[in-house]
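# Breakdown of the fold
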Amino acid sequence: MSQAAHPAPRSLAEALRARDDASLAALLRSRPDLITPVPTDLTQLATRAGTRASVLRALERLDRFALQTAEALAVAPDPASYDTLLALMAGDAGDEAVAAALPHTLAGLREQALVWGDDERLRLVRTARELLAPSPQHPSPTGLGPGVQEATSGMSPGRIQEIVTAAGLPSTHDSVSAVAALTALFEDRKKMAELLAGAPEAAREVLARLMWGPPYGQVTPEPAAHLRWLLDRGLLLPTAPGTVVLPREVALHLREGRAHRSPEPLPPAVEPAATHGRQVVDATAAGQAYTALATVEELLKDWDEGGPAVLRAGGLSVRDLKRTAVALDVSEPVAAFWVELAYAAGLIASDGEADERYAATPAYDEWLERPSAERWAQLAEAWLAATRTPGLVGGRDAKDRTLAALGPGLDRSAAPEVRHRVLTLLAGLPAGAAPDTESVLARLRWERPLRGPQRDGEEDLRSRLARWTLSEAEALGITGRGALSTQGRALLGAPAAEAGPRAASGAPGAAGPAAKAGPGDKLPVHHHHRPAAAPVPLSPAEQAVATAAAARLLAPLLPEPLDHVLLQADLTAVAPGPLQRPLADLLDVLADVESKGGATVYRFTPASVRRALDAGRTAADLHAFLAEHSRTPVPQPLAYLIDDVARRHGHLRVGAASAYVRCDDDALLNEILADRRAAALRLRRLAPTVLAAPCDPATLLEGLRAMGFAPAAESAEGDVLITRAHAHRTPPRTAPEPVPDGPPPPDATLLAAAIRAIRAGDLAATAPRKAAGAGAPPAGGELPRTSSAETLATMQAAVLTGGSLWIGYVNAEGTASQRVIAPVKVEGGFVTAYDHTADEVRTYPLHRITGVAELAED
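A brief look at the structure comes next.

Rules behind the numbers
Residues numbered from 1 in each chain as written. Predicted model: local features only at pLDDT ≥ 70, side-chain atom pairs only at ≥ 80, totals over all residues. Heavy atoms only, no water. Helix = DSSP H or I, 4+ residues; strand = E, 2+ residues; numbered from the N terminus. Buried < 20%, exposed > 50% of the residue type's maximum accessible area, 1.4 Å probe, protein only. Contact = heavy atoms within 4.5 Å. Areas by Shrake-Rupley, 256 points an atom, 1.4 Å probe, with all protein chains shown as cover. Phe/Tyr/Trp six-rings, centres within 6.5 Å; stacked < 30°, edge-to-face > 60°. Lys NZ or Arg CZ within 6 Å of the ring centre and 35° of its normal. Salt bridge = Lys/Arg side-chain N within 4 Å of Asp/Glu carboxyl O. Pairing = 2+ DSSP bridges. Axes fitted to C-alpha atoms, helices over the stretch in contact; angles between N-to-C directions.

## Examining the overall build of the protein chain
A tally of regular secondary structure across the protein chain gives 33 helices and 25 strands. The buried share of the protein chain, taken over its 858 residues, is 48%. Taking the intrachain contacts of the protein chain between residues at least 6 apart in sequence as the baseline, contacts between residues at least 24 apart amount to 68%. Put simply, the protein chain shows about 40200 Å² of open surface, and 54% of that area lies on carbon and sulfur atoms.

Have a look at this one:
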């Protein structure tokens, strides 16, 4: 139904009151800050919708054309007709694209309560007009200056009459009519063309420079002849000593009626930079996913026995980040990404000890036991929802402090929305198409133009987040060769893409049936701006289903874990693919990783074999393990290495004295004492077979091993102490919660309850009341005030007559409200009534009712 069918609303509250529940739900869904807390009635909702903070948040979420429309309304008369707005947006010559897009955009602004009124009296909410209207301190993005009436407000009547006369108009008896006549002249295209035809060439050049803004210029006390010509006719008006401005009406004539140099009714298309086969994309993404899992595992292994120390201010030190980057064989920014990803997934955290360090969490052990595809899906889902932004690591915060990985200050609430939006744009391309990065950034800037650069020359945050999203999605295996993979589409909940022409990644045409609708028709907001294939953000339950689907699609593409290695005569083992968990764990202890890639090369050394023996394995265990899991015979040099290290292992025993060394071979102890390298250990003989040292057992163990011996630690009972790797874990920790970008969108249940409460509160606030007699409603919308006796008598009378009453009520928390009730029973100091406000039967203590008034019969 056209809005013109309704009486013209006189305020935003009246405009909201005329809406149906679906329209109110759309408003609260698009501006969730309006529902926190739930307004008591529609008047309060309108007031809240006009506050500066709420309006600014709403403006920041407008796309470029919607913002241009609001900016045009800010420089239009208040109120303005739809035809006036269309003329400002399309110009005198008209613009089919603008004309087709404007009804949808205006419907969106109305839906968000930024514009109200019918098509003959469109009004931009006052706060939005104040934010967008031109002023010397805050120039309008349109480049327009003040109108003639505003620019001449401080001018003397005599000077105004001089300008009117010079412009070829008859003089008037007052300034108001003179300004009106001058304004009418400037708005008359034919008369203005005749006036400017006689302008000096230099004067026309000045007007051309000021036409698109900024509209202000400087003049000397004795302006040149061409400037004097403009000043005499009011084509330039003084605003301050030495400063002149081009009146808005003159600028619009020069612009042929357009408020904007380049209206942008359609979003820029996301262009493909390259196209690959779908199988190539999926296989590449799967390879990246496997690498991502291996990298996170390697990071956690490196931190398994206690990772880097936590800085006093929180986070990793620069030195520890560099060391982690070297261990992972990546650059420091990439290392920061993997560290933050593991943290976001809840796999690492601070251990909370006095000497606080980072370590793996118990959730890491559970994560390791899951299938590879599910482990990847957990990482991808954590990345998609995380507000922590690794790309900021190494930058500076507002206080010029360095931002550290895992430290504070890395949360950016816009990150999840940008990640989802970038991937959604990729989902709108054909299968296998990789986007042109600059076209993605241009699209994002069109969708959120107000969130631009904060400093000159600095790229805005959303653009940086988009760049990081593209690189991080590639590293994580959500994209392959820049194109969204099949499992990436599933992660978004998007339908499978079809190869062939792009359906909607660019600008859908506005020439469909929706484009023919009239300006007052209710239409889907921004329908012409949204890609048809673009999925909306998923609820937690929907995201869990989508994540499981992505894992199922990825699983067949990941290599199956192997149960064997290839042993070689040069004391190395080659793993031609990922290894099964028990094999990989023991091999990590028994050998050192020498190189990675498609195949991992492990090297056996005396130190690595001794590490396995320290973990409780015997030489027989190691021989059996290698024989079982090698597809090649166990090389003789490797068997000799194991036997040689095992024969010497534990010959020396180290315990706590502070520390001691005991050995049945006193000649070996003599050799140790004679070695100059043992001087730092400060050993002394306690008995023929025992040496003591003032250092701790761990230091003594390391010192003797550095000298080439193979000591074993022993317990207080004299048994060999088995040391197991992977022992340090934090207490149970939860993953960091994302920092929301304002209040979350309300769900359907909350929306229905809120609208019901607002409607009921509005009924109580606007219900007609009797204007005379006891309990007459006070002026100004205050709560009714009656004595206890009057309240009781009115209640009892209403029970007998079945009438409804308007009451003021103060609850136990001291919150006052207005309610419309139909009393059913009054006894024991309580009234039981049907509460129209809550739409249910309730009981109220009479002493909490401030007063009561009868409702008018009408």
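## Remarks on the packing of aromatic side chains
Aromatic ring pairs are described here by two measures, namely the spacing of the ring centres and the angle between the planes. Taken as a whole and assessed by the stated rule, the structure comprises four aromatic pairs. Between Tyr-809 and Tyr-844 the ring centres are 4.8 Å apart and the planes differ by 65°, which places this aromatic pair in the edge-to-face class. With Tyr-809 in strand E21 (residues 805-810) and Tyr-844 in strand E24 (residues 840-845), this residue pair connects regions lying 35 residues apart in the sequence. Given a relative accessible area of 11%, Tyr-809 falls into the buried group. Residue Tyr-844 is classed as buried on the basis of its relative accessible area of 4%. Against the face of Trp-367 rests Arg-375, its NZ or CZ located 5.1 Å from the ring centre.

## Looking at the pattern of salt bridges
A side chain with one charge may pair with a side chain of the opposite charge, provided their charged atoms come close. Taken as a whole and assessed by the stated rule, the structure comprises 32 salt bridges. The salt bridge partner of Asp-92 is Arg-189, with a shortest N-O separation of 2.7 Å. One end of the pair, Asp-92, is in the loop between helix H6 (82-90) and helix H7 (96-111); the other, Arg-189, is in helix H12 (residues 189-197), and 97 residues separate them in sequence. For Asp-614, the salt bridge goes to Arg-705, with nearest N and O atoms at 2.8 Å. A residue pair is termed long-range when its members are at least 10 positions apart, and Asp-614 in helix H27 (residues 606-614) and Arg-705 in helix H31 (residues 697-706) qualify at 91 residues. The exposure classification of Asp-614 matches that of Arg-705, with both residues buried.

## Some details on the sheet that holds strand E12 (residues 566-568)
The strand order E12-E13-E15-E14 describes an open sheet built from four strands, whose pairing is antiparallel. With partners counted over all chains shown, the strands left at the sheet margins are E12 and strand E14 (592-595), one partner each. Going across the sheet, the axis of each strand differs from the next one's by a mean of 30°, ignoring polarity.

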